Amino acid sequence: MPYASRSDELVFFVNGRKVIERNVDPEGTLLTFLRKNLRLTGTKYACGRGGCGACTVMVSKHDSVSKKIRHFSVAACLMPICSLYGAAVTTVEGVGSIKTRLHPVQERIAKSHGTQCGFCTPGMVMSMYTLLRNHPQPSEEQLMEALGGNLCRCTGYRPICESGRTFCLEANSCQQKGKGKCCLDWGEHDSSPLGKKNEICTKLFAKEEFQPLDPTQELIFPPELLRMAENPEKQTLTFCGERVTWISPGTLKDLLELKAKHPEAPLILGNTSLGPGMKSQGHFHPVLLSPARISELSMVTKTSDGLTIGAGCSLAQMQAILAERISELPEEKTQTYRALLKHLRILAGQQIRNMASLGGHVMSRHCYSDLNPILAVGNSTLNLISAEGTRQIPLNEHFLAGLASADVEPEEILESVHIPHSQKWEFVSAFRQAQCQQNALPHVNAGMRVLFKGGTDSIEDLHIAYGGVGTATISAHRFCQQLLGRRWNELMLDEACKLLLDEVSLPGSARGGRVEFKRTLVVSFLFKFYLEVLQELKKLVKLFSASGCSCDGRYSEISEGFLSALEDFPVAIPQGVQTYQSVDPHQPLQDPVGRPIMHLSGLKHATGEAIFCDDIPMVDKELFMALVTSNRAHAKIISIDVSKALEIPGVVDVITAEDIPGTNGTEGDKLLAVDEVICVGQIICAVVAETDVQAKRATEKIKITYEDLEPVIFTIKDAIKHNSFLCPKKKLEQGNIEEAFEKVDQIIEEVHVGGQEHFYMETQRVLVIPKTEDKELDIYVSTQDLAHVQVSVLCFKHPHQQDHLSCKTSGWRFWREDRKASCIRGDCGCGTGHPIRLVLDREDDMLITGGRHPLFGKYKVGFMNNGRIKALDIECFINGGCTLDDSELVTEFLILKLENAYKIHHLRFQGRACMTNLPSNTAFRGFGFPQGALVTESCITAVAAKCGLPPEKIREKNMYKTVDKTIYNQAFNPETLIRCWNECLDKSSFHSRRMQAEEFNKKNYWKKKGIAIIPMKFSVGFAATSYHQAAALVHIYTDGSVLVTHGGSELGQGIHTKMLQVASRELKIPMSYIHICETGTATVPNTIATAASIGADVNGRAVQNACQILLKRLEPIIKKHPEGTWEDWIEAAFEQRISLSATGYFRGYKAFMDWEKGVGDPFPYYVYGAACSEVEIDCLTGAHKKIRTDIIMDACCSLNPAIDIGQIEGSFIQGMGLYTTEELQYSPEGVLYSRSPDEYKIPIITDVPEEFNVSLLPSSHTPLTIYSSKGLGESGMFLGSSVFFAIADAVATVRRERGIAEDFTVQSPATPEWVRMACADRFTDMIPRDDPKTFKPWSIPIA
Ligand SMILES: Cc1cc2nc3c(=O)[nH]c(=O)nc-3n(C[C@H](O)[C@H](O)[C@H](O)COP(=O)(O)OP(=O)(O)OC[C@H]3O[C@@H](n4cnc5c(N)ncnc54)[C@H](O)[C@@H]3O)c2cc1C
Ligand code: FES
Ligand code: FES
């Protein structure tokens, strides 16, 4: 029931235009308002939880306290629309446009090649734009901070960072960055490590062409809003929606009265805690109180004993206030402020810090809160206010635990937080460890404070609080009491650890899992604090020598080596060089092939003008669909009751399997479940309603009753036990493996590789528009396999119905299963006669669709003690999930690619796809190779350890060296593989850096460096001839313009750009004459999937063929009038009735594989490469820093070096994510926990190696492909494993040094948890271990 019948007008500005909304719905967000009401679709939806930055816009507000205009970036998906009263919003459309004027930020991100699929680009633009509004010449640190909340799944961030850096003060024009000699300064006779000067280029864009930033050109803050802010109305504003009322009082008094009247109503500030709760956990608040207009809540008071910060201040404002105070006060007074600032810098992304308030943060009392433990140990006080008056309560463990005696009353609000200064002899520190360094919720965090009796090391007061180890922030109160009066030495530390573990206990089944890791962190943090304080004490008065107090512990004696425990890894700005071969100096200027041409859609991405599937305007009578999925892993469906759902206003229909007119998928892979469900997340039915909100709400009303069935299988181990497989075993064999094993040493080991979520930024979405008159469907879908979707839709509908599929600008799919969703929508289009739109939420997308197969590998390797491998037997099992999907193909590719770059005479590779009750896993960039080759490389590393030789020696010794045949008998020449390897060793200065790392490791006990170099032989293409074909259609119009259509889908990989480059070269006209037509089955039928890295290759040949046909037709005219222009020739051709339209076709490579015999010629060609990575690990926390990566890739003659380098960088970073941070967590009931960017961490900008160099191998050619280029879409993925092996190298050093067995089970990803627990020490030894039989774990490993 609405609270009031009268709703006020919501007044705000968007892109300089006034918006007056008379019937605003308080449940709406700025994102939906922009996209639906204002049709500003540049701002994207990708997660809806503030975690990805795709929806970033700039909000400008007049600050009533400072009297200044504040510009700040926000996540529009969490911004309640009602909170914008009096604000000005700037979206990407307001920044610039192709049609009017491009903003330098937009121009630079596009021209620096910072866009691929472009889905993240508007958000990136807005983060940078906001930064520049506040700092026209920002520092590099500010740039990184501004972009820390924006995810990109395609580019690998380097080019985005590069574009932003062009605005920075420190920016260096040369990308070589002073390391060695700049390429532009090379002399005549100089040669670079890769070749002669005139062959090498390191410039991917021309910075000098960029338009300068002119801050005077920006939109001003609307004068009307300024007037409103300067004379604020004090009356209460009320916005009434259907279910929720938003009340925004103008005075504190009114707010307190309202709070007394509605004690249950939450105060809504940033909505970063309330919002996700309402969206995902079904929390509902009929009244929301907004204190945004109450200036008292934003006051900051500096007193002689501390700082009082208004509860309404944002975390970003708090950051600035603390920084200011730290600069004003002596260090001893600012200990708590420094600790808070340390966490504030890495807590969430900039957008969230701009929105989230201190009050909201404190009052949310999240167990993971990064600030509450510090505020608690810092003796902070909460200033509460209500209509009754004011009072103070301590921000302590009782408050944080929500104890009634220490809590805020429902009528009270938090006015401010008082944080006292620290004092002399007092030390405060903060610690946190998350899956990655920044923008990730912490696994464990802590605030620690100690006060010494003046001039001594005797503990007078001690306070330690932890987050992440319970349901609330907890204080180790008993522990602290017991240590009072003790001296700060090792004796105290030992006892302290034991006491702490007794008090801070964590059950084996604790929520969030990672129990042993968390227990270890509890004591590791204490140890860090111990060392930190020891250092500070020493610094302060040279206590231990001067005052007679001696430290009798060994820590002070070996402090040099221990000092490294104190340093946190700083955030560094990635830099590096991208090197490629320049085009032949005689190549005509107009010929774009081989040049770093900008992505064709780059500018459209940057301005938000690129139209993605869900950006297509609403069509007449359009309906929305939402899916209902199974919450059981294996069960019989007893009944489906849809009656309550149908009662919801606006609901049109609920579609179940019975309503499908055609075939409901295949027998083994039903589109909608019939009678039985076989995994959590399986689609059972779909609701169709007038709005997406109605459809979503109705799904919650559908009651499904189940009867659980046996068996329920989730893990590979269980699948093997139950003999549960999806397809027959695949096997390849060479030599005589049994005999070979008899004569050599052996190692038998296991490797576990976790799966990977595609996490494409644009979730699955489709629009189906039925054309009733012809029984046709127009289907707009983001896919990389149009024809496949079309065939699936055909099965699903009445036979002989016609579909026209169009591939809208599509977020990278990374090879995804997108048929299902499209098919269901296809049917609804027919059934209801209405157009249907479906946009999957991130949570649903991650739940329903499977990802990369988790793998369990067992190997037995036989070797000589000089490292020569004689025999290798690998058996791999992949977790295929509940249906076959592409699992058989993935198994085949996995087995075919398993040998990677090595010649081993006696081999046996076997692979099987396990059937489990998990969502069906599917194809993903690299198709099994990234998982399988990790087993092979792990085996090499293990041999190296056994032989006491460096792994690179074993790699070198066993690598293919001469023309040879693979295990499946395909001949190839590994010459460029060896060249890549040698170049990589040389360019990375591998050997000298290995020595330096060893030196570092000798000196540092708690930090270790690791370095690894990995070779790669990656097969391109499908193992079937029919997949190597393509068609294109080229039209020339009478004005001379050319339209090219081809069968490849543009996913961001730049295929359209490359196709125009091909057409331009063939027709000998500038690219500006040529246009691309959206890929569609109406123009080019029977397309093959754009995958296996071969898309540009085969489609390029088809475009070439069409252009050559046309040019042949034009030849007589050109010959007759060689001096004529293109336009003249086309006009003449038309006059002469010469057809100006041609279909090109490429009848591609022959490829086959005979699995019976184990021989074939499955791949057209190979891509070779090598990567060297160096990392540093923190043995106490498991964190790592990527110091440097060098990649050499054999692209032969790249069609477009900017695009190809982008593919290498992007896939490398994606691979790095697979092997280090991306961890899928499943409950023992088979429910995927990791369903949002909070829980599943793909790399962010600060994860990019500090130095990141990519070189394309020069002087490499292949006669096989178009213009001798190679497909590079997938290969870089595996090179990300160089980071994994560098981490493993560092861990092995730790274990060697500590005398622990070096051969430990290899497990990917190498998360902080894995690293920390592998670096066993006295702290891992002291934690309690649970008997696995005594508890039910929170999550289960499925690989
Ligand atoms: C993507 C993302 C990443 C994050 N990462 C981190 C992280 O790494 N570390 C971390 O610690 N936190 C993290 N957070 C949590 C974030 O810090 C909190 O959500 C935020 O501080 C809450 O502030 P808010 O203003 O948005 O609160 P709101 O959502 O507006 O309100 C939250 C609650 O506080 C109450 N409240 C607010 N103000 C008052 C007041 N003055 N008096 C009484 N009650 C009040 C409200 O009634 C409500 O119940 C993250 C959040 C997001 C969305
Ligand atoms: S969609 Fe808003 S942050 Fe992801
Ligand atoms: S370009 Fe960043 S997500 Fe695709």
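Because the structure is a prediction, the values reported are computed rather than measured.

### Concerning the overall build of the chain
Along the chain, the regular secondary structure elements total 42 helices and 49 strands. Taken over the C-alpha trace, the chain has a radius of gyration of 31 Å; the compact-globule value for 1343 residues is 34 Å, and the two agree within 12%. In terms of principal-axis extent, the alpha carbons of the chain reach across some 95 × 80 × 75 Å. Across the 1343 residues that make up the chain, the buried fraction comes to 65%. Pairs at least 24 apart in sequence give 78% of the contacts found in the chain among residues at least 6 apart. As displayed, the chain has an accessible area near 48000 Å², and 51% of this comes from carbon and sulfur atoms. One finds the centroid of the 143 positive side-chain charges in the chain at a distance of 2 Å from the centroid of its 159 negative side-chain charges.

### Notes on the packing of aromatic side chains
By convention here, two paired aromatic rings are described through the distance between centres and the angle between planes. Evaluated as defined, the whole model comprises 37 aromatic pairs. Summarising the aromatic geometry, the rings of Phe972 and Tyr1166 are spaced 5.4 Å apart at their centres and angled 55° between planes, so their arrangement reads as tilted. Here Tyr1166 lies in strand E46 (residues 1165–1178) and Phe972 lies in strand E38 (residues 971–972), a separation of 194 residues in the sequence. Connected via pairs of aromatic rings, a cluster forms that spans Phe427, Phe431, Phe452, Trp488, Phe525, Phe527, Phe529, Tyr530, Phe562, Tyr1005, Trp1006 and Phe1323. One residue, Lys860, lies across the ring of Phe741, its end atom 4.4 Å from the ring centre. Above the ring of Phe1018, the side-chain terminus of Lys897 is found at 4.0 Å from the ring centroid.

### A short note on the nonpolar core
The biggest cluster of nonpolar side chains holds 255 residues, and the ones touching the most others in it are Tyr466, Phe479 and Trp488. Not counting chain neighbours up to four residues away, the residues in contact with Trp488 comprise Val450, Phe452, Asp457, Ile459, Leu462, Phe529, Tyr530, Val533, Leu534 and Leu537. Membership of the second largest hydrophobic core comes to 72 residues, among which are Leu10, Leu78, Ile81 and Ile321.

### Looking at the sheet that holds strand E3 (residues 56–62)
Strand pairing in a sheet relies on backbone hydrogen bonds, with the paired strands running either antiparallel or parallel. Spatially, five strands are ordered E2-E1-E5-E3-E4 in an open sheet, and the strand pairing comes out mixed. In this open sheet, the two strands that pair with only one neighbour each are strand E2 (17–21) and strand E4 (69–75). Neighbour-to-neighbour, the strand axes of this sheet turn through a mean angle of 30°, independent of strand direction. Sheet topology places strand E1 (residues 10–14) next to strand E5 (residues 88–90); two bridges connect them, and they run parallel. The residue of E5 that forms the bridge with Val14 is Val89. Most of the contacts of helix H4 (residues 121–134) go to E3, to which it runs at about 30°, and overall it touches E3, E4 and E5.

### Description of the site of ligand 1
Taken together, 34 residues lie around ligand 1, and Thr272, Leu274, Ser357, Asp370 and Leu414 are the ones closest in. In the environment of ligand 1, an oxygen atom lies 2.9 Å from a nitrogen or oxygen atom belonging to the side chain of His361. Contact distances for ligand 1 include 2.8 Å between a nitrogen atom and a backbone N or O atom of Leu414. Protein contacts shield 93% of the accessible area of ligand 1, which totals 980 Å² for the unbound molecule.

### Examining helix H32 (residues 951–958)
Residues Pro951, Glu952, Ile954, Arg955 and Asn958 constitute the buried set of H32. In an axial view of H32, the angular spread of the buried residues amounts to 160°, which keeps them on one side of the axis.

### Let's talk about the side chain of Asp457
Positionally, Asp457 belongs in the loop between strand E18 (442–452) and strand E19 (459–467). In terms of polar contacts, Asp457 uses its side chain to reach the side chain of Arg487, at 3.1 Å.

### Thoughts on the side chain of Lys897
Tracing the sequence through the fold places Lys897 in helix H30 (residues 887–897). One buried charged residue, Lys897, remains without a salt bridge, the closest side chain of opposite sign being Glu1274 at 5.6 Å. With residues near it in sequence (within four places) discarded, Lys897 still touches Gly926, Phe929, Phe1018, Ser1019 and Phe1163.

### What about the pattern of salt bridges?
Under the defined criterion, the tally for this structure stands at 78 salt bridges. For Glu999, the salt bridge identified is with Lys1002, shortest N-O distance 3.1 Å. In this pair, Glu999 and Lys1002 both sit in helix H34 (residues 990–1003), three residues apart, roughly one turn of the helix. The exposure class of Glu999 is partly exposed, given its relative accessible area of 38%. Beyond isolated ion pairs, a larger network of salt bridges with shared partners links Arg49, Lys279, Lys696, Asp841, Glu843, Asp844 and Asp1238.

### Description of the UniProt feature "binding site: Mo-molybdopterin" (unreviewed entry) in the chain
UniProt annotation of "binding site: Mo-molybdopterin" (unreviewed entry) refers to Gln784, Phe814, Arg925 and Ala1092 when read in the numbering used here. Along the polypeptide, Ala1092 turns up in the loop between strand E42 (1074–1076) and helix H36 (1095–1120). Classification of Ala1092 by relative accessible area gives buried; the value is 8%.

### Examining the sheet that holds strand E21 (residues 578–581)
Taken together, the six strands give an open sheet; going across it, the order is E8-E21-E48-E47-E46-E39, and neighbouring strands pair in mixed fashion. Two strands in the sheet have a free side with no partner beyond their single neighbour: strand E8 (200–201) and strand E39 (1007–1020). Note that E46 and strand E47 (residues 1184–1193) share nine bridges and pair antiparallel. Residue Ile1177 lies in a different strand from E47, and its bridge partner there is His1184. Here H34 sits on the sheet in contact with E39, E46 and E47, set at roughly 150° to E39.

### Topic: helix H10 (residues 315–328)
Between the first and last C-alpha of H10 there are 20 Å, a value that for 14 residues agrees with the 20 Å anticipated at 1.5 Å per step. Buried within H10 we find Leu315, Ala316, Gln317, Met318, Gln319, Ile321, Leu322, Arg325 and Ile326.

### Examining the pairing of strand E35 (residues 869–879)
Most of E35 sits inside the fold, with 10 of its 11 residues counted as buried. Hairpin connection, strand E34 (residues 855–863) to E35: the antiparallel pair is bridged by five residues, and Gly867 has positive phi, about 95°. One ladder, built from nine bridges, connects E35 with strand E36 (residues 906–914); its direction is parallel. In the sheet register, Ile874 faces E36, and the bridge partner there is Phe909. Regarding the hand of the β-α-β motif, the stretch spanning E35, H30 and E36 is right-handed.

### Brief notes about the environment of Ile1014
Position of Ile1014 relative to the elements: it lies in strand E39. With 62 residues separating them along the chain, Ile1014 and Glu952 place their C-alpha atoms 7.8 Å apart.

### So, the pairing of strand E10 (residues 245–248)
Of the two faces of E10, both are covered, the one formed by Thr245 and Ile247 as well as the one formed by Trp246 and Ser248. Sheet topology places strand E9 (residues 237–240) next to E10; four bridges connect them, and they run antiparallel. Across the sheet, Thr238 pairs through a bridge with Ile247, a residue of E10.

### Quick word on the state of the cysteines
Within the structure shown, the criterion is met by zero disulfides. Cys984 carries a free sulfur, and the closest cysteine sulfur to it, the one in Cys1172, is 5.5 Å from it. Relative accessible area serves as the criterion here: at 0%, Cys984 is assigned to the buried category. The cysteine Cys1107 is free of any disulfide, with Cys1077 supplying the nearest cysteine sulfur at 15 Å. The class for Cys1107 is buried, based on a relative accessible area of 0%.

### Thoughts on the packing of H4 against helix H5 (residues 140–147)
Angle between the axes and distance between the axes are the two parameters that describe a pair of packed helices. Their axes nearest at 9 Å, the elements H4 and H5 cross at an angle of 140°. On the basis of their axis angle, the class for H4 and H5 is oblique. For H4 against H5, the interelement crossing comes out right-handed. Across the interface between the two elements, Met124, Ser127, Met128 and Leu131 of H4 pack against Gln142, Leu143, Ala146 and Leu147 of H5. Residue composition of the contact of H4 with H5, grouped by class: six nonpolar, two polar and no charged.

The rules we used
- Here the residue numbers are simple positions, counted from 1 along each chain's written sequence.
- Each chain gets a letter, beginning with A, and each ligand a number, beginning with 1, in the order they are written.
- Only residues with pLDDT of at least 70 are given local features in this predicted model, and only at 80 or more are side-chain atom pairs given and counted; all residues enter the totals for whole chains, interfaces and linings.
- Side-chain metrics in this entry use all non-hydrogen atoms of the structure; hydrogen atoms and water are not considered.
- Secondary structure elements are taken from DSSP: a helix is a run of H or I of four residues or more, a strand is a run of E of two residues or more, and numbering for both begins at the N terminus.
- When we talk radius of gyration, it's over C-alpha atoms, and the globule rule is simply 2.2 Å times the number of residues to the 0.38.
- The rule is simple: take the accessible area with a 1.4 Å probe, protein chains only, and divide by the maximum for that residue type; under 20% is buried, over 50% is exposed, in between is partly exposed.
- Between two residues, a contact is recorded if the distance between any of their heavy atoms is within 4.5 Å.
- Residue-level accessible areas treat just the shown protein chains as cover; the underlying method is Shrake-Rupley with a 1.4 Å probe.
- Counted as positive: Lys and Arg. Counted as negative: Asp and Glu, with His and the chain ends omitted from the count.
- A single reference atom marks each charge: NZ on Lys, CZ on Arg, CG on Asp, CD on Glu.
- Centres within 6.5 Å are what make two rings of Phe, Tyr or Trp a pair, Trp counting through its six-membered ring; a difference in plane orientation under 30 degrees is then read as stacked, over 60 as edge-to-face, and the rest as tilted.
- Definition used: whenever NZ (Lys) or CZ (Arg) falls within 6 Å of the ring centre and also within 35 degrees of the ring normal, the charge is taken to sit over that ring.
- Throughout, nonpolar core names a set of buried Ala, Val, Leu, Ile, Met, Phe, Trp, Tyr and Cys residues whose side chains join them through atoms within 4.5 Å.
- A strand pair is defined by DSSP finding two or more bridges across the two strands.
- Only the stretch in contact is used when a helix axis is fitted, and all axes are lines through C-alpha atoms; the angle between N-to-C directions ranges over 0 to 180 degrees.
- A single heavy atom is enough: if one lies within 4 Å of a molecule or strand, its residue is considered near that molecule or strand.
- Nitrogen and oxygen atoms within 3.5 Å of one another constitute a polar contact, given that in protein one can donate a hydrogen and the other can accept it, and given that sequence-neighbouring residues count only through two side-chain atoms.
- Working note: the arc is built from the helix axis to C-beta atom directions.
- The salt bridge criterion pairs a side-chain nitrogen of Lys or Arg with a carboxyl oxygen of Asp or Glu, the two atoms within 4 Å.
- UniProt positions are given in the numbering used here, feature names are shortened, and annotations may be inferred rather than shown by experiment.
- One fewer than the residue count of a helix, multiplied by 1.5 Å, yields its expected span.
- Crossover handedness is defined by viewing with both strands directed away from the observer: a clockwise path from the first strand over the helix to the second marks the crossover as right-handed.
- The rule for a disulfide is simple: a pair of cysteine sulfur atoms within 2.5 Å.
- In these notes the angle categories are as follows: under 35 degrees is roughly parallel, over 145 is roughly antiparallel, 65 to 115 is roughly perpendicular, and the rest is oblique.
- Crossings are classed by handedness, with left-handed meaning an anticlockwise turn of the near helix from the far one by less than a right angle and right-handed meaning a clockwise turn.
- Classes in brief: Ala, Val, Leu, Ile, Met, Phe, Trp, Tyr, Cys and Pro nonpolar; Asp, Glu, Lys and Arg charged; the others, Gly included, polar.

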